[in-house]
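Fold and contact review
Chain by chain, the residues run as shown.
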Amino acid sequence: VQLQASGGGLVQAGGSLRLSCAASERTFSTYYMGWFRQAPGKEREFVAAITRTGSTTYYADSVKGRFTSSRDNAKNTVYLQMNSLKPEDTAVYYCAARVAGSRLFVKASEYDYWGQGTQVTVSS
């Protein structure tokens, strides 16, 4: 499975960005998807997770109410809409896929495949 993340960039605090993650497999609809981020000198941290159908999502407390994850299985793509961005949101953002399971997953070690990451920089 190949995952291609895009949509990062430089934005001012309070602004918005929409990240996309396109999967190469037609079985995308069977994957649980997650978003993680890693800031310089810090460990990779969980941001959001979404179930196979997109009916259920889960967010880290630090982004709850500001970020929204969705997916379009017809396009093999998962999205992360980021609003009210803060300088502390600056990081490389990664999408990840898990093939099997029956719940949302929040640990990086629980995911099977990773995208290459896209840089998000929020200026104050």
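For the structure itself, look to the data block above.
In this text the structure is predicted, and so the values were computed from the model without any measurement.

**What to know about the overall build of the protein chain**
From N to C terminus, the protein chain includes 0 helices and 11 strands. In the protein chain, the order of α-helices and β-strands from amino to carboxyl end is β-β-β-β-β-β-β-β-β-β-β. Here the C-alpha atoms of the protein chain give a radius of gyration of 13 Å, agreeing with the 14 Å that 2.2 N^0.38 yields for 124 residues. Taking the principal axes of its C-alpha atoms as reference, the protein chain extends roughly 40 × 25 × 25 Å. Expressed as a percentage of the 124 residues in the protein chain, the buried residues total 44%. Partitioning the contacts of the protein chain with sequence separation of at least 6, the portion at a separation of at least 24 is 58%. With an accessible surface of roughly 6300 Å², the protein chain has 46% of that area assigned to carbon and sulfur atoms. For the protein chain, the distance from the average site of its 14 positive side-chain charges to the average site of its 9 negative ones is 4 Å.

**Regarding the sheet that holds strand β8 (residues 77–82)**
The antiparallel open sheet is built from 4 strands, whose spatial order is β1-β3-β8-β7. Of all the strands in the sheet, just β1 (3–6) and β7 (67–72) have a single pairing partner and so form its edges. With direction set aside, neighbouring strand axes in the sheet form an average angle of 15 degrees. Here strand β3 (residues 17–23) runs beside β8; their pairing, made up of 6 bridges, is antiparallel. Directly across from leucine 19, in β8, lies its bridge partner leucine 80.

**Quick word on the pattern of salt bridges**
For the structure shown, the criterion picks out 5 salt bridges. The network of salt bridges with shared partners includes Arg37, Glu45, Arg66 and Asp89.

**Some points on the state of the cysteines**
All chains considered together, the criterion is met by 1 disulfide. Covalently, cysteine 21 is tied to cysteine 95 through a disulfide, its sulfur atoms 2.0 Å apart. Between cysteine 21 and cysteine 95 the sulfur-sulfur dihedral comes to about 60 degrees; the bridge is accordingly right-handed. Taken together, the residues span a long stretch of sequence, with cysteine 21 in strand β3 and cysteine 95 in strand β9 (residues 91–98) at a distance of 74 residues. Note on cysteine 95: relative accessible area 0%, which makes it buried.

Criteria and cut-off values
- Residues numbered from 1 in each chain as written.
- Predicted model: local features only at pLDDT ≥ 70, side-chain atom pairs only at ≥ 80, totals over all residues.
- Heavy atoms only, no water.
- Helix = DSSP H or I, 4+ residues; strand = E, 2+ residues; numbered from the N terminus.
- Rg over C-alpha atoms; globule rule 2.2 N^0.38 Å.
- Buried < 20%, exposed > 50% of the residue type's maximum accessible area, 1.4 Å probe, protein only.
- Contact = heavy atoms within 4.5 Å.
- Areas by Shrake-Rupley, 256 points an atom, 1.4 Å probe, with all protein chains shown as cover.
- Lys, Arg positive; Asp, Glu negative; His and termini not counted.
- Charge placed at Lys NZ, Arg CZ, Asp CG, Glu CD.
- Pairing = 2+ DSSP bridges.
- Axes fitted to C-alpha atoms, helices over the stretch in contact; angles between N-to-C directions.
- Salt bridge = Lys/Arg side-chain N within 4 Å of Asp/Glu carboxyl O.
- Disulfide = S-S within 2.5 Å.

Just distances and angles here, no functional claims.
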